[in-house]
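Close look at the chain arrangement
Single-letter residue listing:
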Amino acid sequence: MDTTTTVIWIVVAIVVVLALIALAVAASRKRKQARLHEAQDIRAKAQEQASIVGQREAIADQTAAEARRAQADAEAKAAEASRLQHEAATHQRTASTSREELDKEWKRADKLDPTTKSTNADANTNTNTDTTGTTRSNDTRSNDVRSNETRSNDTPGAHSKPTDTTPT
């Protein structure tokens, strides 16, 4: 083998190496171009999704605002219910006090009325002890009939005199 053949082989080897380097560079550029194109496609799809996500966020914000409004309405209704319960309890206490005062007036009228028998008044009143140990009387009068007495419709709250059916 002479030197010319060796030089030719060296030149051929250099050309092959350069060709391989050129192919590697071309493949690298092609891969880079493909990745750039893929990245652009992903960005385009993300841009499309951004408007959908924005709409979903707007819906979520609107729903959260409605939930806060509903919560505020519920709290307002709960406060109104509490106020009405307090008012009802106040009315109940007032009615109870009024009932007790009315019962006292009935008893006072029965004590003052000479025609009322004390046994009838005692029989029509039951004495109870409440949970605090206070004695309280409950009037068990009927609205329609008392023994030997009827209420007069002419004067509210007044007793009529008993009708005496015995001959004089």
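What you see is a predicted model; the values in this text were computed from it and never measured.

The rules behind each value
- Sequence order as written defines residue numbering, which begins from 1 separately in each chain.
- Where totals are concerned, whole chains, interfaces and linings use all residues; where local detail is concerned, this predicted model gives features only for residues with pLDDT of at least 70, and gives and counts side-chain atom pairs only at 80 or more.
- Processing note: side-chain calculations cover all non-hydrogen atoms of the structure and skip hydrogens and water entirely.
- Each helix is a run of H or I in the DSSP string that is no shorter than four residues. Each strand is a run of E no shorter than two, and both are numbered from the N terminus.
- Residue burial is assigned from relative accessible area. The probe radius is 1.4 Å, only protein chains are included, and a residue is buried under 20% of its type maximum, exposed over 50%, and partly exposed in between.
- Here, two residues are considered to be in contact whenever any of their heavy atoms come within 4.5 Å of each other.
- One less than the number of residues in a helix, times 1.5 Å, gives the span that helix is expected to have.
- Salt bridges are counted wherever a side-chain nitrogen of Lys or Arg sits within 4 Å of a carboxyl oxygen of Asp or Glu.
- On a range of 0 to 100, pLDDT expresses the predictor's confidence in each residue.
- Think of a patch as exposed residues, more than 30% relative accessible area, with no salt bridge, where like charges cluster within 9 Å and nonpolar side chains (Val, Leu, Ile, Met, Phe, Trp, Tyr) cluster within 5 Å.
- Here the Shrake-Rupley method, with its probe set to 1.4 Å, supplies the accessible areas, and only the displayed protein chains count as covering residues.
- Distance and chemistry together define a polar contact, namely a pair of N or O atoms within 3.5 Å, with one atom able to donate a hydrogen and the other to accept it when in protein, and with adjacent residues in sequence counting only for side-chain atoms on both sides.

**Section: the overall build of the chain**
Within the chain, the regular secondary structure consists of two helices and two strands. Along the chain, helices and strands appear, N-terminal first, in the series α-α-β-β. Classification of the 168 residues of the chain by burial places 8% in the buried group. When contacts within the chain are restricted to residue pairs at least 6 apart in sequence, long-range pairs at least 24 apart make up 36% of them.

**A word on helix 1 (residues 3-112)**
When the terminal C-alpha atoms of helix 1 are compared, their 157 Å separation across 110 residues agrees well with the 164 Å that a helix rising 1.5 Å per residue should span. Listed in full, the buried residues belonging to helix 1 are Asp103, Trp106 and Asp110.

**A few points about the pattern of salt bridges**
Once the charged atoms of two side chains with opposite charge are near each other, the side chains can pair. The tally for this structure, following the rule as stated, stands at three salt bridges. Arg108 is the partner of Glu105 in a salt bridge, and the nearest nitrogen-oxygen pair spans 3.2 Å. Residue Glu105 and its partner Arg108 are both found in helix 1; the two are separated by three residues, about one turn of the helix. A single network of salt bridges, built from pairs that share partners, joins Glu80, Arg83 and Glu87.

**Focus on the confidence of the model for the chain**
For the chain, per-residue confidence averages 79 on the pLDDT scale, and 69% of positions sit at 70 or higher. Across the chain, helix 1 holds the top mean pLDDT of 95, while strand 2 (residues 135-139) sits lowest at 46. Here residues 127-162 scores under 50 on pLDDT; set against residues more than four positions off or in separate chains, the count is 60 contacts.

**Brief notes about a nonpolar patch on the surface**
On the surface, a nonpolar cluster with roughly 620 Å² of combined accessible area is contributed by Ile8, Trp9, Val12, Val16, Leu20 and Leu23. Among the structural elements, Trp9 can be located in helix 1. On the basis of relative accessibility, which here comes to 55%, the residue Trp9 falls in the exposed class.

**Some words on the environment of Glu105**
Note on Glu105: relative accessible area 44%, which makes it partly exposed. Among the polar contacts made by the side chain of Glu105, one reaches the side chain of Arg108 at a distance of 3.2 Å.

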